[in-house]
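Reading the structure
Spelled out from the first residue to the last, the chains are:
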Amino acid sequence: MTQPLLSVNHLSHLYAPGKGFQDVSFDLWPGEVLGIVGESGSGKTTLLNAISARLVPQQGTITWQNRDLYAMSEAERRRLLRTEWGVVHQHAMDGLRRQVSAGGNIGERLMATGARHYGDIRASAEQWLSDVEIPPSRIDDLPTTFSGGMQQRLQIARNLVTRPKLMFMDEPTGGLDVSVQARLLDLLRGLVVEMNLAVVMVTHDLGVARLLANRLLVMKQGQVVESGLTDRVLDDPHHPYTQLLVSSVLQN
Ligand SMILES: Nc1ncnc2c1ncn2[C@@H]1O[C@H](COP(=O)(O)OP(=O)(O)OP(=O)(O)O)[C@@H](O)[C@H]1O
C-alpha cells in the first residue's frame, strides 16, 4: 500500500490556551501501533476523540483511506465506528451494553455489518469469547457480572469481531491489577499482530507504550514535543520533557 490508512494534518482543538491540542500531524500505516504519551492534562484524550470522529476539531483535516473524515456524513462516520474502526475505552463498561449478555455484546456489532443468521452469530461470539480467554459458558451472562479484566477483554472482542482495520484505545489497561494488565497486554499484542491492526493508543504508562507501540508521539500541554520510533524515543529521548518522563519512570 502506498497510501497511509489515516492522515492527520495540522489538527487543533483548544478549549482554552494550553487546554486541548495544537497543530498535530501524523500518518498511520496498516498494522502500525502509534502510542500517544504525556502527563495528565496534556491533551491526549481530546486528540484521540477528535481523530476517532467523536469530537469535531476546530482546525485541520483527517483523511481516512483518501477520504476527508469530516466531509463524510455523520451517518457514514457512525457506521465507520461500528465496522472498520473500533474504540476501546479505559472503563470497559463505557464500551459495553450493560443490559445485554456477553454474547449479545459481541453479536450486536456483527449484525451492524449485515450478519443475520443467529447460529452463525452465536458461534462467532463463542469463538471470540474463547479467543479473549473468557469461558464460552459465560456467553449468556451480563458483563456486569464479570471481573474488570474480563470486561476489558469482552470490550476488545466486541470491537474485533468486525475485523476492523483501525482501533482507538484510551488507557486500555488503566485501572486493572498489575498481573491482569500484563496478561491483557500480551493478549492485545498477539491480536494486533495476527490481525494486522493499526492502533492509536493513548497511555501515560511508558511500559505499556514500550510493549505495544511501534512509534510514539510525546505530548506536553497540547503540543507534540517529540515523535519517533518507540525504542529511540524511550532509550534516547531528545526533548527535555521526554527525558523527564523517562527518568521519572526509572525512579519508580
Ligand atoms: N470538555 C472540556 N471542556 C473544557 N476543557 C476540557 C474539556 N475536556 C478536557 N478539557 C481540558 O483540556 C485539557 C486536556 O485534557 P485531556 O483529557 O485531553 O488530557 P489527557 O492528557 O487525556 O489527560 P488524562 O490523562 O488526565 O486524561 C485539560 O486541561 C482538561 O481539563
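Reference entry: report on the structure contained in this document. Bear in mind the structure is a predicted one, so any value in this text is a computation, not a measurement.

This paragraph deals with the packing of aromatic side chains. Scanning the model with the defined rule gives 2 aromatic pairs in all. Pairing W64 with W85 gives two aromatic rings, centres 5.4 Å apart and planes at 90°, and the pair type is edge-to-face. You can see W64 sitting in strand β4 (residues 59–64) and its partner W85 sitting in strand β6 (residues 85–88), a full 21 residues away along the chain. Residue classification places W85 among the buried residues on the basis of a relative accessible area of 0%. Plain terms: the ring middles of W85 and F168 are 5.1 Å apart, the flat faces sit at 70° to each other, and that makes the pair edge-to-face. In this pair, W85 is assigned in strand β6 and F168 in strand β7 (residues 166–170), connecting sequence segments 83 residues apart. A residue is classified by how much of its surface remains accessible, and F168, at 0% relative accessible area, is buried. Of the aromatic side chains, those joined through ring pairs into one cluster are W64, W85 and F168.

Next up on the list: unusual backbone geometry. Backbone geometry places D23, a non-glycine residue, at a positive phi of 50°. Of note, D23 is situated in strand β2 (residues 19–28). Located in the positive-phi region is E133, a residue other than glycine, with phi close to 65°. Counting through the fold element by element, E133 comes out in the loop between α4 (118–131) and α5 (148–160).

Taken in spatial order, the 6 strands line up as β6-β7-β8-β3-β9-β10 in an open sheet, and their pairing is mixed. Each edge of the sheet is formed by a strand with only one pairing partner; in this case those strands are β6 and β10 (223–229). Direction aside, neighbouring strands of the sheet carry axes that sit 15° apart on average. Pairing of strand β9 (residues 215–220) with β10 involves 6 bridges; the strand directions are antiparallel. When the sheet's bridge partners are listed, K220 is paired in β10 with Q223.

Bridging between strand β1 (residues 6–16) and β2 involves 7 bridges; their strand directions are antiparallel. In the strand pairing of β2, L11 is matched with V24. In sequence, β1 turns back onto β2 through a hairpin of 2 residues, with G18 there showing a positive phi of about 80°. Taken together, the 5 bridges between β1 and β4 define a ladder with antiparallel strand orientation. Across the sheet, S12 pairs through a bridge with Q59, a residue of β4.

Each value, and the rule that gives it
- Residues numbered from 1 in each chain as written.
- Predicted model: local features only at pLDDT ≥ 70, side-chain atom pairs only at ≥ 80, totals over all residues.
- Heavy atoms only, no water.
- Phe/Tyr/Trp six-rings, centres within 6.5 Å; stacked < 30°, edge-to-face > 60°.
- Helix = DSSP H or I, 4+ residues; strand = E, 2+ residues; numbered from the N terminus.
- Buried < 20%, exposed > 50% of the residue type's maximum accessible area, 1.4 Å probe, protein only.
- Pairing = 2+ DSSP bridges.
- Axes fitted to C-alpha atoms, helices over the stretch in contact; angles between N-to-C directions.

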